[in-house]
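# Architecture and fold: a report
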2 protein chains.
Amino acid sequence: MAGVAIEFWYDFASTYSYPAAMRVADMAAERGVDVDWRPFLLGPIFAAQGWRDSPFNLYPVKGRYMWRDMERICRSLKLPLKRPEPFPQNSVLAARVATSLDGETRARFTRAAYHAEFGEGRAIAERSEIAAIVAGLGLSAEATLANALSDANKDKLKRESAQAQALGLPGAPCFVTEEREIFWGNDRLEQALDWAVGVRR
Amino acid sequence: MAGVAIEFWYDFASTYSYPAAMRVADMAAERGVDVDWRPFLLGPIFAAQGWRDSPFNLYPVKGRYMWRDMERICRSLKLPLKRPEPFPQNSVLAARVATSLDGETRARFTRAAYHAEFGEGRAIAERSEIAAIVAGLGLSAEATLANALSDANKDKLKRESAQAQALGLPGAPCFVTEEREIFWGNDRLEQALDWAVGVRR
């Protein structure tokens, strides 16, 4: 049987993408589903809706709810939680690095970057923080950043973000099945995986 | 042992409140939790955020996602789904009627109104539709509407909506536990009920 895959779309500025990134690999593996890690930028999607900042900042009621919800989720998953300052972090550099890496290395970088950002409150918008995260994975920071900042890689991320917009992703994280069913939110991971393997609920 | 209760806050214009209203009573009863049905108006909360229409209309990407998500949810729960025109329906009259009713009668009216609105696509903003729903429950439409439109009842709904705002409810539906933990969304009902009985996850 050919493997079933699910796309995991995430933006490094997105809080709920953090718990999703930490649990998607294990949960998918349990069900025999492959994960296609798809970093993208929400900025253009938000800008198209007139938002120039995180909706969690623009709408404080939503922001207060989200941070309390994140506390509950992270406690339940035994994940550390520390809010980075400022929030949101500019996620472009992290997304470029993730885009430039392949397969399991991309997944490892993604988890490490989310852990740094929301587990330790580090400013992943900064090149020095990203370099430290890359080096911590045993990669050359210099070579990785040079590759991430190449025009070809920047264009690749732009195309990915355009595809996210074309798919109609309303936010991050999103899980997209092979039939293009979209499930939005960390709390929809279970349902998305069920759908991917043919369980409709 | 004294009973544990959960507050179920809903607005009749809210799509996701429909499946929540249809399943909250049975799911709470299974866990021995009482449900306090709390109709309110999201309008003032949305207006405070600068929204004069449903965010699902203001932000079409979210709207398209929501309607597909509702299709999946309603199919899974074997609930009919038909979009009312216009959407959203003005929910003030339905909220006033629900506010004026007590206990199980309020729950029955709430389910009947959501079924009419989102199961049959009926315009519950209209007095004639509300009167028909009330009559279908074996109540006097004339007496019920007179009571619902009394100044005392209008004030009661205003106070309830002010309390929702003071609680920091970010939308509807919300489930609120006795310690004022808020869970937003139909998909959080299970977690809210677990929390209410002391299971923290």
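See the structure above.
A brief report on the enclosed structure follows. None of these values were measured; they are calculated from a predicted model.

### Topic: the packing of helix H6 (residues 103–119) of chain B against helix H7 (residues 127–136) of chain B
Residue and element names in this part refer to chain B.
- At a minimum axis distance of 10 Å, the contact between H6 and H7 shows a crossing angle of 130°. The pairing of H6 with H7 is recorded here as oblique in orientation. Helix-helix and strand crossings are classified by hand; for H6 and H7 the assignment is right-handed. Together, Phe109, Ala112, Ala113 and Ala116 of H6 and Glu129, Ile133, Val134 and Gly136 of H7 make up the contact between the two elements.
- In terms of residue class, the contact of H6 with H7 is made up of six nonpolar, one polar and one charged.

### Brief notes about the relation of the copies chain B and chain A
- For the match of chain B to chain A, the screw axis carries a shift of 0.0 Å, the RMSD comes to 0.0 Å, and the turn is 180°. Such a combination of rotation and displacement between the chain copies is what one expects of a two-fold axis. Minimal C-alpha separation from the rotation axis in chain B is found for B:Asp187, amounting to 4.0 Å.

### Comments concerning the interface of chain B and chain A
- Taken together, the 15 residues of chain B in the interface contact 15 residues of chain A.
- Of all the secondary-structure elements, those providing two or more residues to the side of chain B that touches chain A are helix H4 (60–77) and strand E4 (182–184) of chain B.
- Among the elements that make up the side of chain B that touches chain A, the one with the highest residue count is H4(B) (five residues).

### Some details on helix H6 (residues 103–119) of chain A
Residue and element names in this part refer to chain A.
- The end-to-end C-alpha separation of H6 is 23 Å, in line with the 24 Å expected for 17 residues at 1.5 Å each.
- Listed as buried for H6 are Phe109, Thr110, Ala113, Tyr114, Ala116, Glu117 and Phe118. Angularly, the buried residues of H6 cover 165° about the axis, an arc narrow enough to put them on a single face.
- Tucked into the core, H6 has its buried residues touching helix H1 (17–30), strand E2 (33–39), helix H5 (92–100) and helix H7 (127–136).
- Gly121 sits one or two positions beyond H6 and adopts a positive phi of about 70°.

Calculation rules
Residues numbered from 1 in each chain as written. Chains lettered and ligands numbered in written order. Predicted model: local features only at pLDDT ≥ 70, side-chain atom pairs only at ≥ 80, totals over all residues. Axes fitted to C-alpha atoms, helices over the stretch in contact; angles between N-to-C directions. Helix = DSSP H or I, 4+ residues; strand = E, 2+ residues; numbered from the N terminus. Parallel < 35°, antiparallel > 145°, perpendicular 65-115°, else oblique. Left-handed = near helix turned anticlockwise from the far one by under 90°. Contact = placed C-beta atoms within 7 Å. Nonpolar A, V, L, I, M, F, W, Y, C, P; charged D, E, K, R; others polar. Least-squares fit on C-alpha atoms with pLDDT ≥ 70 in both. Expected span 1.5 Å × (residues − 1). Buried ≥ 20, exposed ≤ 12 C-beta atoms within 10 Å, placed from the backbone. Arc of directions from axis to C-beta.

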